Amino acid sequence: MIALVPVSAEVPKFHRPSSLPAIFFVLVLIAAFLETVPAVHEDAEYISNYGTQISGVPAAERDQAFLDYLSKRPLLKYSIAPASWDIERLLYSNFIHGSGTHLGLNLIGVFAGIRILSSFIPFLCSLSVFLLGGSIGLFMSTWFTTSPTSAYIPHVGASAGIFALMGAYAVYNFRYRTTYFFWFPSRKASLVSLKTSWAVFLDVLLLELLLSAAQFMPGRVDNVDHMAHVGGFFSGVVLAFFLRKVQGWPFYLQTRGEFLYWISFLKPRLRREKYDFVMAPYVAWMELLHINPYNDLLKIRLFRLMSKHIDRFNDDEITAAFRYISPTFIRLQEKEVSSFLRVILQKDRYISKDWLLNTPYDSIIRLAKFLASPVHEQHLLLHLVLCYRQVHAENKGMDRKLELLINKLQGIVPKPTGTRRANP
Amino acid sequence: MGNYIPVGQKGEPTVDEALNEAERDHMLDCPPADLSTRIAASTLDAILVYLAVTGLNTLASPLALTLENRVESPSQIAAVTIVSVKIFFLFFYFVWSQCLAGGSPGKLLLGLRIIDTHTGHYLSPFRSMLRLVLSPVFFLTALFKKDHRGGHDILARSTVKRVRGKA
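These numbers come from a predicted model, not from an experiment.

The rules behind each value
Residues numbered from 1 in each chain as written. Chains lettered and ligands numbered in written order. Predicted model: local features only at pLDDT ≥ 70, side-chain atom pairs only at ≥ 80, totals over all residues. Heavy atoms only, no water. Helix = DSSP H or I, 4+ residues; strand = E, 2+ residues; numbered from the N terminus. Rg over C-alpha atoms; globule rule 2.2 N^0.38 Å. Buried < 20%, exposed > 50% of the residue type's maximum accessible area, 1.4 Å probe, protein only. Contact = heavy atoms within 4.5 Å. Areas by Shrake-Rupley, 256 points an atom, 1.4 Å probe, with all protein chains shown as cover. Lys, Arg positive; Asp, Glu negative; His and termini not counted. Charge placed at Lys NZ, Arg CZ, Asp CG, Glu CD. Buried area = accessible area lost by both parts, 1.4 Å probe. Salt bridge = Lys/Arg side-chain N within 4 Å of Asp/Glu carboxyl O. Nonpolar A, V, L, I, M, F, W, Y, C, P; charged D, E, K, R; others polar. Polar contact = N/O pair within 3.5 Å; in protein donor to acceptor, adjacent residues only side chain to side chain. Expected span 1.5 Å × (residues − 1). Pairing = 2+ DSSP bridges. Axes fitted to C-alpha atoms, helices over the stretch in contact; angles between N-to-C directions. Patch = residues over 30% accessible without salt bridge, like charges linked within 9 Å, V, L, I, M, F, W, Y side chains within 5 Å. Parallel < 35°, antiparallel > 145°, perpendicular 65-115°, else oblique. Left-handed = near helix turned anticlockwise from the far one by under 90°. Phe/Tyr/Trp six-rings, centres within 6.5 Å; stacked < 30°, edge-to-face > 60°.

1. Overview of the overall build of chain A
Okay, so step 1: Of the regular secondary structure elements, chain A holds 19 helices and 3 strands.
Okay, so step 2: Compactness check: chain A gives a C-alpha radius of gyration of 29 Å against a globular reference of 22 Å for 424 residues, more than 25% above the reference.
Okay, so step 3: Principal-axis analysis of the C-alpha atoms gives chain A an extent of 105 × 50 × 35 Å.
Okay, so step 4: Burial status across chain A gives 51% buried among its 424 residues.
Okay, so step 5: Taking contacts inside chain A between residues at least 6 apart in sequence as the whole, the part at least 24 apart equals 73%.
Okay, so step 6: In the structure as shown, chain A presents an accessible area of about 20400 Å², 62% of it carried by carbon and sulfur atoms.
Okay, so step 7: Treating the 44 positive side-chain charges of chain A as one cloud and the 32 negative ones as another, the clouds have centres 9 Å apart.

This is how it looks when you write it as structure tokens:
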């Protein structure tokens, strides 16, 4: 996760996460580190003095003496170990770090985690997820530590909490995309958008599960508590599911802004008014898309509804829906867009001129490929290309390319029957 | 009549072929990718490959343990197996993806495509490998050309285009 840092869910500017709560929490962690640094140093010195402290002990009793010595280490006053824990120290362990490097790496994760969750839940909820999920993750890692020599090794760090935040984020944004920063010093090309489900699968499930399983193998132990990461992640997932259930969050809403609008205005209005199964969802989803035009799930539902009941919609309503078919949406949901377009073309409905003007040529080619089957409907793709050429007539380069394509297609595609309404 | 087409004769183009040709024409007209985006794509590839290789490395010990008592020198066999898997993975990641989709995952994520300079087709496996082998040597030569084609691009007759953008 350090290599690819999640910056934000792919949402409009006004939904983008706020950095202030994350900065506040980072400062809390730094303060906790400064407070516990003396205890960490004292602990390190205590461990380094182990040789001199038990030098007089007979060889047969050395192991027990070693464990007894470890059970009194200073860091165990604040942190947990497999053989020594309680609830208070379990919570404190989330705020203790063994070194500046440990803290530094976790600060990146905490900042990213708290920040990206602010698009979905308030700061207090994020904090609860961090504390509860992190504590459960740390506890699970002590539970899976079976080696007797590890009984008094403290389990510390915010990373279990960070993975809990990631787990919660995965639940809220699973079906959408996340923008990641990959440490490249360029304004143009330092961010990449990936489907949250893939990134979670690759970075968390595959890598961390492999690494935590490998820790059970001899010679593969490292200082990173991968088991706590996995435990924290799944705790965050469970907590997020519980939170969404309590909130009554519909699965097709992405951001907190949409949810608050839904719960405050739309839901009561839909209950009050006489419910039209076609127009009521249309109006509701158009209002929600006005708030978050990047919500692909909502767009899919909208276009499926419109495809099924196209005769209920007038040209203005269809044009309004076309505004939400962006090139990115076409690239990610070719099948859905082409299905909607097929219905529009079959019913000879109006295709928005603005949409044709603003859609790149390669997006039209993508859609045309889907319209190429079945064979008896290939005239629809020819009609689409003709409409596209009509609005780009003034662009000579584009017009030349489209003329070549149309000439080729006209030789292959069966001619459309009847007259078609040209777009104004 | 059947579908037999005599050698040397082309059949009638299909709709898919016409659209693919239109797509290739479009990609040829797209602007060349700038250097910073290409370097960013390589950085992203390095990160993704690193994550994959780290995961593969963790499999070495469990594999060796599984092979113990079944074969002689299990750790050597496990090491050779893991190295072979890594080589295949790198081949699929850099060469096969370039032939199939026009670029490695890092390039695809940033909207870049590697195509033949004249026809717009994706590269063959041989030319992809040639380009891959030569790129560490010739990459910097791209700094000195307006179209950002380095020596490896010239020798492999390829060009890197930025394909995402407005009409």
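2. Observations regarding the overall build of chain B
Okay, so step 1: Across its full length, chain B holds 7 helices and 2 strands.
Okay, so step 2: Evaluated residue by residue, chain B yields a buried proportion of 39% over its 167 residues.
Okay, so step 3: Look at the contacts in chain B between residues 6 or more apart in sequence, and 66% of them connect residues 24 or more apart.
Okay, so step 4: Only carbon and sulfur atoms are counted for the fraction: they give 65% of the accessible area of chain B, which is about 9500 Å².

3. Description of the interface of chain B and chain A
Okay, so step 1: Counting from both sides, the interface comprises 36 residues of chain B and, opposite them, 39 residues of chain A.
Okay, so step 2: Each partner contributes to the roughly 3200 Å² buried at the junction of chain B and chain A, and carbon and sulfur atoms together form 72% of this total.
Okay, so step 3: The tally of links from chain B across to chain A stands at 4 salt bridges.
Okay, so step 4: Residue Lys369(A) is joined to Glu23(B) by a salt bridge in which the shortest nitrogen-to-oxygen separation is 2.6 Å.
Okay, so step 5: In terms of residues, the side of chain B that touches chain A owes the most to one element, helix H2 (residues 35-57) of chain B, which gives 11 residues.
Okay, so step 6: Class assignment for the residues of the side of chain B that touches chain A results in 18 nonpolar, 11 polar and 7 charged.

4. A closer look at the pattern of salt bridges
Residues and elements named next belong to chain A.
Okay, so step 1: Scanning the model with the defined rule gives 19 salt bridges over all chains in all.
Okay, so step 2: Note that Asp-43 and Arg-73 form a salt bridge whose closest N and O atoms lie 2.8 Å from each other. Of the two residues, Asp-43 is situated in helix H1 (residues 20-48) and Arg-73 in the loop between helix H3 (62-70) and helix H4 (87-92); the sequence distance between them amounts to 30 residues. For the residue pair Asp-43 and Arg-73, the accessibility class agrees, reading buried in each case.

5. Details of the side chain of Ser84(A)
Residues and elements named next belong to chain A.
Okay, so step 1: You can see Ser-84 is positioned in the loop between H3 and H4.
Okay, so step 2: Assessed through its relative accessible area of 18%, Ser-84 is described here as buried.
Okay, so step 3: Within the structure, the side chain of Ser-84 is placed 3.0 Å from the side chain of Arg-89, a separation counted as a polar contact.

6. Regarding the environment of Ala170(A)
Residue and element names in this part refer to chain A.
Okay, so step 1: Here Ala-170 is to be found in helix H7 (residues 159-173).
Okay, so step 2: In this structure the C-alpha to C-alpha distance between Ala-170 and Val-237, which are 67 residues apart in sequence, comes to 7.3 Å.
Okay, so step 3: Setting aside residues up to four positions removed in sequence, Ala-170 forms contacts with Thr-196, Val-200 and Phe-233.

7. Let's talk about helix H6 (residues 123-143) of chain A
Okay, so step 1: Taking 1.5 Å as the rise per residue, H6(A) with 21 residues should run 30 Å; its terminal C-alpha atoms sit 30 Å apart, in good agreement.
Okay, so step 2: Those residues of H6(A) that fall on the buried side of the exposure criterion are Ser126(A), Val129(A), Phe130(A), Gly133(A), Gly134(A), Ser135(A), Gly137(A), Leu138(A), Ser141(A) and Thr142(A).

8. Let's talk about the sheet that holds strand E2 (residues 177-181) of chain A
Residue and element names in this part refer to chain A.
Okay, so step 1: Taking strand neighbours across the sheet as the criterion, the 3 strands line up as E1-E2-E3 in an open arrangement whose pairing is antiparallel. For this open sheet the edge positions go to strand E1 (5-9) and strand E3 (191-195), each flanked by a neighbour on one side alone. Strand-to-strand twist across the sheet, computed as the mean angle between neighbouring axes with direction ignored, equals 35°.
Okay, so step 2: Two elements, E2 and E3, share 5 bridges in a ladder whose sense is antiparallel. Within E3, the position partnered with Thr-178 by the bridge is Leu-194.

9. Remarks on a nonpolar patch on the surface
All names here are of chain B.
Okay, so step 1: Taken together, the side chains of Phe-88, Phe-91, Phe-92, Trp-96, Leu-100 and Met-129 make up a nonpolar region of the molecular surface, amounting to roughly 640 Å² of accessible area.
Okay, so step 2: Top element by residues in the nonpolar patch is helix H4 (residues 74-101). It accounts for 5 residues.
Okay, so step 3: Counting through the fold element by element, Trp-96 comes out in helix H4.
Okay, so step 4: Taking the relative accessible area as the measure of exposure, Trp-96 reaches 45% and is therefore partly exposed.

10. With respect to the side chain of Ser8(A)
Residue and element names in this part refer to chain A.
Okay, so step 1: Examined against the element boundaries, Ser-8 turns out to sit in strand E1.
Okay, so step 2: Looking at Ser-8, the relative accessible area reads 4%, which means it is buried.
Okay, so step 3: With sequence-adjacent residues up to four places away left out, Ser-8 is seen in contact with Arg-16, Pro-17, Ile-116, Tyr-169, Thr-178 and Thr-179.

11. Things to note about the packing of helix H18 (residues 378-391) of chain A against helix H19 (residues 396-412) of chain A
All names here are of chain A.
Okay, so step 1: For the pair H18 and H19, interaxial distance at closest approach is 10 Å and the crossing angle is 160°. Taken as axis vectors, H18 and H19 run roughly antiparallel relative to one another. Read as a crossing pair, H18 and H19 show a hand that is left-handed. Residues Leu-381, Leu-382, Val-385, Leu-386, Tyr-388 and Arg-389 of H18 pack against Met-398, Asp-399, Leu-402, Glu-403, Leu-405, Ile-406, Leu-409 and Gln-410 of H19.
Okay, so step 2: Residue composition of the contact of H18 with H19, grouped by class: 10 nonpolar, 1 polar and 3 charged.

12. Focus: the environment of Ile318(A)
Residues and elements named next belong to chain A.
Okay, so step 1: Relative to the helices and strands, Ile-318 is located in helix H13 (residues 315-322).
Okay, so step 2: Exposure remark for Ile-318: the relative accessible area of 0% places this residue in the buried category.
Okay, so step 3: In the structure, Ile-318 is positioned 33 residues away from Ile-351 in sequence and 8.0 Å away in space, judged by C-alpha atoms.
Okay, so step 4: Look past the residues within four positions of Ile-318 in its chain and what remains in contact with it is Met-306, Ile-310, Phe-313, Ile-344, Arg-349 and Tyr-350.

13. Some words on helix H15 (residues 334-346) of chain A
Residue and element names in this part refer to chain A.
Okay, so step 1: The end-to-end C-alpha distance of H15 is 18 Å, a good match for the 18 Å that 13 residues give at a rise of 1.5 Å each.
Okay, so step 2: For H15, the complete set of buried residues consists of Glu-336, Val-337, Ser-338, Phe-340, Leu-341, Arg-342, Val-343, Ile-344 and Leu-345.
Okay, so step 3: Buried positions along H15 lie against helix H12 (296-308), H13, helix H14 (327-332), helix H16 (353-358), helix H17 (361-371) and H18.
Okay, so step 4: With its phi angle positive at about 55°, Asp-348 sits one or two positions after the end of H15.

14. Side note on the packing of aromatic side chains
All names here are of chain A.
Okay, so step 1: Within the structure shown, the criterion is met by 26 aromatic pairs over all chains.
Okay, so step 2: Measuring from centroid to centroid gives 5.0 Å for Tyr-282 and Phe-313, while their planes differ by 55°, and the two rings are tilted. One end of the pair, Tyr-282, is in helix H11 (residues 279-291); the other, Phe-313, is in the loop between H12 and H13, and 31 residues separate them in sequence.
Okay, so step 3: We classify Tyr-282 as buried; its relative accessible area is 6%.
Okay, so step 4: For the ring pair Phe-303 and Phe-340, a centre distance of 4.7 Å and an interplane angle of 40° mean the geometry is tilted. Residue Phe-303 is found in helix H12, and its partner Phe-340 is found in helix H15; the two are separated by 37 residues along the sequence.
Okay, so step 5: Note on Phe-340: relative accessible area 0%, which makes it buried.
Okay, so step 6: Taken together through their ring pairs, the aromatic side chains of Phe-24, Phe-25, Phe-95, Phe-123 and Phe-130 make up a single cluster.

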